Every structure is written in C-alpha cells, then in structure tokens.
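An overview of the molecular structure
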Amino acid sequence: MEPGRAIDDIQHYDEPNADFASGWQRFGNYFIDALVIRFAQTLLAMYLFSSFDPFFAITMFLISYFAYYTILESTFGKTIGKWITNTEVRNFEDIGKITVQQALLRSLIRVVPFEPLSFFGSERGWHDKWSNTVVVRSNSITASAI
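First, a word on what this report is: a plain description of the structure on this page. (Residues numbered from 1 in each chain as written. Predicted model: local features only at pLDDT ≥ 70, side-chain atom pairs only at ≥ 80, totals over all residues. Heavy atoms only, no water.)

1. Concerning the pairing of strand S2 (residues 133-137)
Where a strand is regular, its side chains alternate between the two sheet faces. In plain terms, the rule: Between buried and exposed lies partly exposed: a residue is buried under 20% and exposed over 50% of the maximum accessible area for its type, with that area taken using a 1.4 Å probe on protein chains only. Here a helix means four or more residues in a row that DSSP labels H or I, a strand means two or more in a row labelled E, and each is numbered from the N terminus. Criterion used throughout: strands pair if DSSP finds at least two bridges between them.
Most of S2 sits inside the fold, with four of its five residues counted as buried. With five bridges joining them, strand S1 (residues 87-91) and S2 adopt antiparallel strand pairing. Of the residues in S2, the one forming a bridge with Asn91 is Thr133.

2. Description of helix H2 (residues 54-76)
Keep this limit in mind: Any helix carries an expected span of 1.5 Å times its number of residues minus one.
Over its 23 residues, H2 extends 33 Å from the first C-alpha to the last, a length consistent with the 33 Å expected when each residue adds 1.5 Å. For H2, the full list of buried residues reads Ala57, Tyr65, Tyr68, Tyr69, Thr70, Leu72, Glu73 and Ser74. Phi turns positive, to about 80°, at Gly77, one or two residues after H2.

3. Quick look at helix H4 (residues 100-109)
The cut-off we apply is this: In this description, the arc belongs to the directions extending from the helix axis to the C-beta atoms. Should any heavy atoms of two residues lie within 4.5 Å, those residues are considered in contact.
For H4, the full list of buried residues reads Gln102, Ala103, Arg106, Ser107 and Ile109. In a view along the axis of H4, the buried residues occupy a sector of 170°, so they form one face of it. Buried residues along H4 sit in contact with H2, helix H3 (80-85), S1, helix H5 (126-129) and S2.

4. A word on a nonpolar patch on the surface
Quick reminder of the rule: In this analysis, a patch consists of residues with relative accessible area above 30% that form no salt bridge, clustered at 9 Å for like charges and at 5 Å for the nonpolar side chains Val, Leu, Ile, Met, Phe, Trp and Tyr. Here the Shrake-Rupley method, with its probe set to 1.4 Å, supplies the accessible areas, and only the displayed protein chains count as covering residues. The term salt bridge refers to a pairing of a side-chain nitrogen on Lys or Arg with a carboxyl oxygen on Asp or Glu at a separation within 4 Å.
Taken together, the side chains of Trp24, Phe27, Tyr30, Phe31 and Leu35 make up a nonpolar region of the molecular surface, amounting to roughly 660 Å² of accessible area. Within the fold, Trp24 resides in helix H1 (residues 23-48). The exposure class of Trp24 is exposed, given its relative accessible area of 72%.

5. A closer look at the packing of aromatic side chains
Defined as follows: Think of it this way: a Phe, Tyr or Trp ring, Trp meaning its six-membered ring, pairs with another when their centres are within 6.5 Å, and the plane angle makes it stacked under 30 degrees, edge-to-face over 60, tilted otherwise. Criterion for a charge above a ring: Lys NZ or Arg CZ within 6 Å of the ring centre, and within 35 degrees of the ring normal.
What the rule picks out here adds up to seven aromatic pairs. Ring centres 6.3 Å apart and planes at 85° place the aromatic pair Trp24 and Phe27 in the edge-to-face group. Taken as a pair, Trp24 and Phe27 lie in helix H1 at a separation of three residues, close to a single helical turn. Looking at Phe27, the relative accessible area reads 48%, which means it is partly exposed. Taking the centre distance of 6.3 Å and the plane angle of 20° together, the rings of Phe27 and Phe31 count as stacked. Note that Phe27 and Phe31 are positioned in helix H1 at a spacing of four residues, about one turn of the helix. You can call Phe31 partly exposed: its relative accessible area is 46%. Members of the aromatic cluster, connected to one another through ring pairs, are Tyr65, Phe66, Tyr68 and Tyr69. Positioned above the aromatic ring of Tyr69, the side-chain terminus of Arg110 is 3.8 Å from the ring centre. Sitting over the ring of Phe92, Arg124 keeps its end group 3.8 Å from the ring centre.

Function cannot be read off these values alone, since they describe shape.
As structure tokens, then:
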C-alpha cells in the first residue's frame, strides 16, 4: 500500500478518515525522537553519574525511554517527532485516540530486536500492528474520526 493512501482502502469505513504517514515522516519521527531521548538521557546521566550507581542509572534510562513515548502518545497522540512531521498515532479500528495500554505496548514493542526494520514493505511496523494502532497525517483526520 502506498503512503498517503486512505485507511478506508484497507478497512470497512464508509468514508476515508485519515491517510497513512509516509515512510519519510516515519523515519523523521524515529530520528527526531531518538535525538530528543538521547539529549534527555545525557542530561540525566550527567546528574546521576555525579553519585554513580550503575543500576539506578540504567533503570532511569529505561524509565525515561518508556515514559517519553507512553506519556506523550497516550496524552497527545504525538511525540515531539510527530509534532514536527505533522503526524499522530491513532487507534486502527476507529481512528480514535489510543489508550494508555496501547501507548505502553507500543513503547515496549519498540525494544524488540530489528523492530525498526519492520517498516520495510509496510506502512505499519510491529509496534503498530501488535498494538492495533496506526500513524496518520494529522491534517487528514476528519471530524467524524475524532
């Protein structure tokens, strides 16, 4: 399926509700979010390593990673990368807002080895499919889908 094609083409909607985010938008989301997370973790590391406790530092890195995606996606439907690329994550069934459980599941699945490669040949990677979500262009969502 081509990026930008209506979700209606693969589901039973009476009218198109949204368009898939393009591969370049998805790559932009990944790249921008990775930079933001690494910057925050670097600041966190500078603070934590002043009283070095490796277990605590690693735990905080993991918590910050999961918190970033889970809180932003469940609250706003967007991470900083998605804001910049004008995309958002939605429930695949009705293009409605995702739940906290879906956001947490998406965050957990992102650590599966080779998960970023799951987008080759498909608009929906593993963290989309397994959490029943989809990333769409923000300006393509109709009022009936919200």
